Each structure stands twice: as C-alpha cells, then as structure tokens.
Amino acid sequence: MLYAILCYHDEDLVGSWSKEQDAAVMSKLAVVQDKLAKQGRLGPVARLLPTTAAATLRKEDPPLVIDGPYAETKEQLLGFYLVDCNDLDDALDVARDLGAANPGGAYEIRPVGMFAPGSNTT
C-alpha cells in the first residue's frame, strides 16, 4: 500500500538555515531516500516552494482565490514522500528514519487511495 508522509515544519525556521545547514539535512535525508529507492519502495518526493508562492481556492459560490496558504498554523506543509509500505507500522518506521535525519516539525502519515481515470473504484 502507498503511504504519503507529509512533512511539516516551521517554514521561517527552515528558511533561515544557511546553505550549509540545509545541505547537511538534505544529505541525511538522501541516505534514507537511497535506502528506500534501492528497495523499490520510494515514489515521488517533493520539496514545496515557500507558502508566499501559494494560492488557495476556496470552494464557495462563486469560488474565491486567496493569495498564500489558507491554513493558520505554526507549521507549514513543506513537502512529501510517497512510499510503498506493508502497513501503517512500516510507514511509521520510514517516518522515524526521516525524522532522525531531519529533527523538528512533524510527519503526517496517511494511506493513499489510487483512483483509475474514469473509475469509481480505488
């Protein structure tokens, strides 16, 4: 089953890292990513651009577009992993490995339902 591991952290804090600090964290994460890739379990990984580049579409009548993210939280969604895991415990193990490489923030782990175009089934 595919699991999304959503990466949340304080965007201002992460944005304040020096290039060297950021590169050190990314190097540690690459070790975990390489392990998952060699096992054939790593799907897409994305690092999102800052929330200042975001827009939100409020599904009202008529729809309303708002600059920036809508969520009012202290942590922002900074990126995600898509990982093939046997079960939630397996996905939690992957998140723990990622967390050890990148302390702070939080990881939200959610199963992913895959939908085939034109189908109502997963």
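We now turn to the structure provided with this report. Quick caveat: nothing in here was measured; it's all calculated off a predicted structure.

What about the side chain of Gln76?
Within the secondary structure layout, Gln76 lies in strand 5 (residues 76–84). Ignoring sequence-local partners within four residues, the contact set of Gln76 consists of Cys7, Tyr8, His9, Asp10, Glu11 and Thr51.

A closer look at the nonpolar core
Core analysis: the biggest nonpolar cluster contains 19 residues, and Ile5, Tyr81, Val83, Val94 and Leu98 have the highest contact counts within it. Here this core takes five residues from helix 3 (residues 88–101), the largest share from any one element. If we ignore the near neighbours within four places in the chain, the residues touching Val94 are Ile5, Leu36, Arg41, Val83 and Cys85.

Observations concerning the packing of helix 2 (residues 19–38) against helix 3
Between helix 2 and helix 3, the shortest axis-to-axis distance is 8 Å and the interhelical angle comes to 155 degrees. Relative to helix 3, the element helix 2 lies roughly antiparallel. Seen along the crossing, helix 2 lies across helix 3 with a hand that is right-handed. Seen from helix 2, the contacting residues are Val25, Lys28, Leu29, Val32, Lys35 and Leu36; seen from helix 3, they are Val94, Asp97, Leu98 and Ala101. Across the contact of helix 2 with helix 3, the residue classes break down as seven nonpolar, no polar and three charged.

Here we look at the pairing of strand 4 (residues 64–67)
Pairing analysis gives four bridges linking strand 3 (residues 55–58) to strand 4, with the strands arranged antiparallel. Note on strand 4: the bridge partner recorded for Thr56 is Ile66.

Quick look at the pattern of salt bridges
Following the criterion strictly, the structure yields five salt bridges and no others. Across the salt bridge formed by Arg110 and Glu108, the nearest N and O atoms sit 3.4 Å from each other. With relative accessibility at 28%, the residue Glu108 sits in the partly exposed group.

Conventions adopted
Residues numbered from 1 in each chain as written. Predicted model: local features only at pLDDT ≥ 70, side-chain atom pairs only at ≥ 80, totals over all residues. Heavy atoms only, no water. Helix = DSSP H or I, 4+ residues; strand = E, 2+ residues; numbered from the N terminus. Contact = heavy atoms within 4.5 Å. Core = buried A, V, L, I, M, F, W, Y, C linked by side-chain atoms within 4.5 Å. Buried < 20%, exposed > 50% of the residue type's maximum accessible area, 1.4 Å probe, protein only. Axes fitted to C-alpha atoms, helices over the stretch in contact; angles between N-to-C directions. Parallel < 35°, antiparallel > 145°, perpendicular 65-115°, else oblique. Left-handed = near helix turned anticlockwise from the far one by under 90°. Nonpolar A, V, L, I, M, F, W, Y, C, P; charged D, E, K, R; others polar. Pairing = 2+ DSSP bridges. Salt bridge = Lys/Arg side-chain N within 4 Å of Asp/Glu carboxyl O.

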